[in-house]
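# Observations on the model geometry
One letter stands for each residue in the lines below.
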Amino acid sequence: MITDGDTSILGSVKDKVNVLIQRCLWHIPYQAKYVVWQDGVKRKGKEWLQVMSELMEICAIRPLVECQKTIEKMIESKRNRLDAVIQYCLSKGYAHAVSYLENAKPDMFTAIEKRLHGKTTSKVERVMRTVNMRVNVSKWSIAGALNVTKIRLAYYYNGFDA
């Protein structure tokens, strides 16, 4: 399961399946913009750039790495860099950023550790921005948007072609 951090679904499935959680790596730096803003960090300032550039590097995962030892060293390096970002935020008093990153930390590299496909956003999320915009701007009906989304997801996940 790939998630942006919402764990509400876990209550209904935790005793029925073995759940491996992979935090959406696209969301980590995207949501970090908000938490560092909560900490009073000036957008595009030195501290903001320090945190954001490091998080973008940490969350960039090269696909198709086959060597297990390379994967292990890559994850070790990324975890060390993440710890350094957390320490930086702690030293600056960025409590919201520290809390957010500590919460995300355990589930950031599950997919590559377990050799699973998927590390960022799901196919569902790719559709949502466009559908949302069409509902808000083009004034699609909610029912129409739901129908289009169902068809698109059937195609993505089942190979169904309308």
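The paragraphs below set out a description of the structure included in this document. (Residues numbered from 1 in each chain as written. Predicted model: local features only at pLDDT ≥ 70, side-chain atom pairs only at ≥ 80, totals over all residues. Heavy atoms only, no water.)

### Some words on helix α4 (residues 68–92)
Counted only if it meets this: By definition, any uninterrupted DSSP run of H or I lasting at least four residues is a helix, any uninterrupted run of E lasting at least two residues is a strand, and each is numbered from the N terminus. Working rule for helices: expected span equals 1.5 Å times residues minus one. For every residue, the accessible area (1.4 Å probe, protein chains only) is compared with the maximum for its type, and the residue is labelled buried under 20%, exposed over 50%, or partly exposed between those bounds. Whether two residues touch is decided by their heavy atoms; if any such pair falls within 4.5 Å, the residues are in contact.
Taking 1.5 Å per residue, 25 residues should reach 36 Å; α4 reaches 36 Å between its end C-alpha atoms and fits that length. For α4, the complete set of buried residues consists of Ile71, Met74, Ile75, Lys78, Leu82, Val85, Ile86 and Cys89. Buried residues along α4 sit against α3 (46–59), α5 (95–104) and α6 (110–113). A positive backbone phi angle near 80° is found at Gly93, which sits one or two residues after α4.

### A few points about α5
Heads up, the condition is: As used here, the arc is the angular range of directions from the helix axis to the C-beta atoms.
All buried positions along α5 are accounted for by Ala97, Val98, Tyr100, Leu101 and Ala104. Down the axis of α5, the buried set is contained in an arc of 165°. They therefore lie on one face. Residues of α5 that are buried sit in contact with β2 (22–23), α2 (27–38), α3 and α4.

### Notes on the packing of α2 against α3
The following threshold applies: Between N-to-C directions, angles cover 0 to 180 degrees, with each direction set by a line fitted to C-alpha atoms, over the stretch in contact for helices. Orientation labels follow simple angle bins: below 35 degrees gives roughly parallel, above 145 gives roughly antiparallel, 65 to 115 gives roughly perpendicular, and whatever is left gives oblique. For a crossing to be left-handed, the near helix must be turned anticlockwise from the far one by less than a right angle; the clockwise case is right-handed. In this count, Pro and Cys sit with the nonpolar residues alongside Ala, Val, Leu, Ile, Met, Phe, Trp and Tyr, while Asp, Glu, Lys and Arg are called charged and the others, Gly among them, polar.
Running from N to C, α2 and α3 cross one another at 160°; their axes reach a closest spacing of 9 Å. Relative to α3, α2 is oriented roughly antiparallel. Of the two possible hands of crossing, α2 and α3 adopt the one that is right-handed. Here α2 contributes Ile28, Pro29, Ala32, Lys33 and Val36 to the contact with α3, which in turn contributes Trp48, Val51, Met52, Leu55, Met56 and Cys59. Across the contact of α2 with α3, the residue classes tally to 10 nonpolar, no polar and one charged.

### A look at the packing of aromatic side chains
Formally: Pairing of aromatic rings covers Phe, Tyr and Trp, the last through its six-membered ring, and needs centres within 6.5 Å; plane angles under 30 degrees mean stacked, over 60 mean edge-to-face, and all others mean tilted.
One pass over the structure, following the stated rule, counts two aromatic pairs. Relative to Tyr30, the ring of Trp26 has its centre 4.5 Å away and its plane inclined at 20°; by these criteria the two rings are stacked.

### Side note on the nonpolar core
Just so we agree on the cut-off: Working definition of a nonpolar core: buried Ala, Val, Leu, Ile, Met, Phe, Trp, Tyr and Cys residues. They are joined through side-chain atoms within 4.5 Å.
Judged by nonpolar contacts, the single largest core of 30 residues is most densely connected at Ile28, Leu55, Cys89, Leu101 and Met108. Among the elements of the structure, α2, α3, α4 and α5 are those that each provide at least two residues to this core. The leading source of residues in this core is α4, at seven residues. Setting aside residues up to four positions removed in sequence, Cys89 forms contacts with Val51, Tyr94, Ala97, Val98 and Leu101.

### Some points on the pattern of salt bridges
What counts is decided by this rule: Counted as salt bridges are all cases of a side-chain nitrogen of Lys or Arg within 4 Å of a carboxyl oxygen of Asp or Glu.
Applying the stated criterion to the full structure yields five salt bridges. A salt bridge links Lys92 to Glu47, with the shortest nitrogen-to-oxygen separation between them at 3.9 Å. Separated by 45 residues along the polypeptide, Lys92 in helix α4 and Glu47 in helix α3 bring together distant segments of the chain. A salt bridge links Glu54 to Arg81, with the nearest nitrogen and oxygen atoms 3.1 Å apart. Placement of the pair is Glu54 in helix α3 and Arg81 in helix α4, with a sequence separation of 27 residues.

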